[in-house]
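Below are the chains, spelled out letter by letter.
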Amino acid sequence: MTEPSKVIHVRNVGHEISENDLLQLFQPFGVITKLVMLRAKNQALLQMQDIPSAVNALQFYTNVQPSIRGRNVYVQFSSHQELTNMDQNPQGRGDEPNRILLVTIHHMLYPITVEVLHQVFSPHGFVEKIVTFQKSAGFQALIQYQTRQSAVSARNSLQGRNIYDGCCQLDIQFSNLDELQVNYNNERSRDFTNPSLPSEQKGRSSQPGYGDAGSMYGARAVGFPQMGNAAAIAAAFGGGLPPGISGTNDRCTVLVSNLNPDRIDEDKLFNLFSIYGNIVRIKLLRNKTDHALVQMGDGFQAELAVHFLKGAMLFGKRLEVNFSKHPNITTGADTHEYSNSNLNRFNRNAAKNYRYCCSPTKMIHLSTLPQDVTEEEIVAHLEEHGTIINTKLFEMNGKKQALVLFENEEQATEALVCKHASSLGGSMIRISFSQLQNI
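Residues numbered from 1 in each chain as written. Predicted model: local features only at pLDDT ≥ 70, side-chain atom pairs only at ≥ 80, totals over all residues. Heavy atoms only, no water.

Draft legend 1. The environment of His118, seen in detail. Structurally, His118 can be placed in helix 3 (residues 114-121). Overall, the relative accessible area of 25% leaves His118 in the partly exposed class. Taking the C-alpha atoms as reference points, His118 and Lys129, separated by eleven residues in sequence, lie 9.2 Å from one another. Residues within four places of His118 in sequence aside, it is in contact with Pro123, Val127, Ile130 and Phe192. (Helix = DSSP H or I, 4+ residues; strand = E, 2+ residues; numbered from the N terminus. Buried < 20%, exposed > 50% of the residue type's maximum accessible area, 1.4 Å probe, protein only. Contact = heavy atoms within 4.5 Å.)

Here it is as structure tokens:
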């Protein structure tokens, strides 16, 4: 063990972990005077105000494994007794002002294009060029201003801020480059001083729905978040995808078979599949009454649905869930549209919803309940679907929620597909599976 120091060395700091996450871990033990993120090494150095504060923190975390966003981090005393400015600039850049900024985007749950970056950075001065690229550290961009003062202003204002609500956090350093080379004007690179550059044969148009980064104060992305890459998706799961999930599937439509045609309808399928992503449309096949097509918001959401629902029991039948050969469902009289439904769960707070994805369980979680609801009313609302073993009513952030434990997964699944978005005491209730084992 290194001798006690007020500097704490933190390892296994994944790209999804922000400076704020680390501050929250150590603030209970005293004042934090400096924090340095060593992104290239997945490490951080954190300086407490005095040695006793650092000793208290490390003694506590000797008995309690510290974890951030589902990832275990490891802490020890640093060999440094004090953090100097040299320590804060380990790669020869970061604090030497330059008109070119190197921007890393952490916890990227929505795609970031040149247009979005331009909206965010142009209020601080004339942006000449932007180049975006994917590195092991995550999604990065180089942003060249006309003047060094503009770059300094942008870094001071935007460092550590989120582009969208709760995600896409900006980590900004000064680059050591002198001039950016831009060959194409498209969604990945742009020279604003030379609009006549070609867009490149493979240049794709911008994703609709993400243009309005608006203000930095809680702008919400609209439309279906097309996950940019496996690393971005992994951020929603605390750094690692669930076992068996690749994050690379691009097929959006799912074929569900072995349904119970007497009891299933489009809305019940919506209630089940909307746990794993936004639903675009659903079609029950008239010539095969136990088959249905479900088109999800993107390929990753479809992969989650196939992975977690394959073999689930519903209405006495074991479901078969596979990717469809059809890329999408054509609209028609026999299709039900859900793309604009406010019941889609992933329009807001997608990261939180991804974390709740799991196979059907015996326990369901109810939220948006009326404030005066009783356990008896909840049981009366759900008991037709199976034997209820236990219930628990509780309050979270001033809002009533409940856990209901059924005898088996099939009964809980039936309650969810039949009663999600139903009315209880004048409130439309929301139901999802809980991963808790007991109440």
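Draft legend 2. Main features of the nonpolar core. The biggest cluster of nonpolar side chains holds 51 residues, and the ones touching the most others in it are Phe273, Tyr276, Met296, Ile364, Leu366 and Ile378. The element that contributes the greatest number of residues to this core is helix 7 (residues 299-309), accounting for seven residues. Listed in part, the 28 residues of the second largest apolar core include Val103, Ile112, Val116 and Cys167. (Core = buried A, V, L, I, M, F, W, Y, C linked by side-chain atoms within 4.5 Å.)

Draft legend 3. Structural context of the confidence of the model for the protein. Looking at the protein as a whole, the pLDDT averages 82, with 85% of positions reaching at least 70. Mean pLDDT across the secondary structure elements of the protein bottoms out at helix 5 (residues 230-236), with 53, and peaks at helix 10 (residues 409-419), with 97. (pLDDT = per-residue confidence, 0-100.)

Draft legend 4. Geometry of the sheet that holds strand 13 (residues 253-257). The strand order across the open sheet formed by five strands is 18-13-15-14-19, and the pairing between neighbours is antiparallel. Bordering the open sheet on either side are strand 18 (320-323) and strand 19 (335-337), each of which pairs with just one other strand. Within this sheet the neighbouring strands show an average axis-to-axis angle of 20 degrees, counted without direction. For strand 13 and strand 18, the ladder comprises four bridges, and the chain directions are antiparallel. Within the sheet, the bridge partner assigned to Val254 lies in strand 18 and is Phe323. (Pairing = 2+ DSSP bridges. Axes fitted to C-alpha atoms, helices over the stretch in contact; angles between N-to-C directions.)

Draft legend 5. Inspection of the packing of aromatic side chains at higher detail. This model, assessed by the stated rule, comprises six aromatic pairs. These aromatic residues form a ring-pair network of at least three members: Phe26, Phe29, Phe60 and Tyr61. (Phe/Tyr/Trp six-rings, centres within 6.5 Å; stacked < 30°, edge-to-face > 60°.)

Draft legend 6. Examining the environment of Cys252 more closely. By the secondary structure assignment, Cys252 is in the loop between helix 5 and strand 13. Assessed through its relative accessible area of 19%, Cys252 is described here as buried.

Draft legend 7. Main features of the side chain of Lys400. Its location among the elements puts Lys400 in strand 22 (residues 399-406). Salt bridges are absent for the buried Lys400, whose nearest opposite-charge side chain, Glu395, sits at 4.4 Å. Of the polar contacts made by the side chain of Lys400, one reaches the backbone oxygen of Gln371; its length is 2.8 Å. Ignoring any residue separated from it by four or fewer positions in sequence, one finds Lys400 in contact with Ser367, Thr368, Leu369, Pro370, Gln371, Leu393, Phe394 and Glu395. (Lys, Arg positive; Asp, Glu negative; His and termini not counted. Salt bridge = Lys/Arg side-chain N within 4 Å of Asp/Glu carboxyl O. Polar contact = N/O pair within 3.5 Å; in protein donor to acceptor, adjacent residues only side chain to side chain.)

Draft legend 8. Region of the structure containing unusual backbone geometry. Of note in the backbone geometry, Phe315 takes a positive phi value of approximately 50 degrees without being a glycine. One can find Phe315 in the loop between strand 16 (313-314) and strand 17 (317-318). Positive phi, normally seen in glycine, also occurs at Ala421, with a value near 65 degrees. One can find Ala421 in the loop between helix 10 and strand 23 (423-424).

Draft legend 9. Local environment of the pairing of strand 14 (residues 279-284). Of all six residues in strand 14, five are buried; the element is thus mostly enclosed. As paired elements, strand 14 and strand 15 (residues 292-296) share five bridges and run antiparallel to each other. The residue bridging Arg281 from the neighbouring strand is Gln295, located in strand 15. The pairing of strand 14 with strand 19 spans three bridges and is classified as antiparallel.

Draft legend 10. Molecular detail of the sheet that holds strand 25 (residues 430-433). One open sheet accounts for four strands, arranged 21-22-20-25; its pairing is antiparallel. The sheet is open, and its two edges are formed by strand 21 (388-396) and strand 25, each paired on a single side. Strand-to-strand twist in this sheet, taken as the mean axis angle between neighbours without regard to direction, amounts to 20 degrees. Of the strand pairs in this sheet, strand 21 and strand 22 are connected by eight bridges, and their pairing is antiparallel. Bridging across to strand 22, Met396 finds its partner in Lys399. In this fold helix 10 packs onto strand 20 (363-367), strand 22 and strand 25, with an angle of close to 150 degrees to the strand it touches most, strand 25.

Draft legend 11. Just helix 4 (residues 148-158), in detail. All of the buried residues in helix 4 are Ser150, Ala151, Ala154, Arg155 and Leu158. Down the axis of helix 4, the sector holding all buried residues measures 130 degrees, keeping them to one side. The exposed residues of helix 4 that point more than 90 degrees off its buried face are Gln149 and Asn156. Against the buried residues of helix 4 lie strand 7 (100-106), helix 3, strand 9 (138-145) and strand 11 (167-174). Once helix 4 finishes, Gly160 follows within two positions and takes phi at roughly 85 degrees, a positive value. (Arc of directions from axis to C-beta.)

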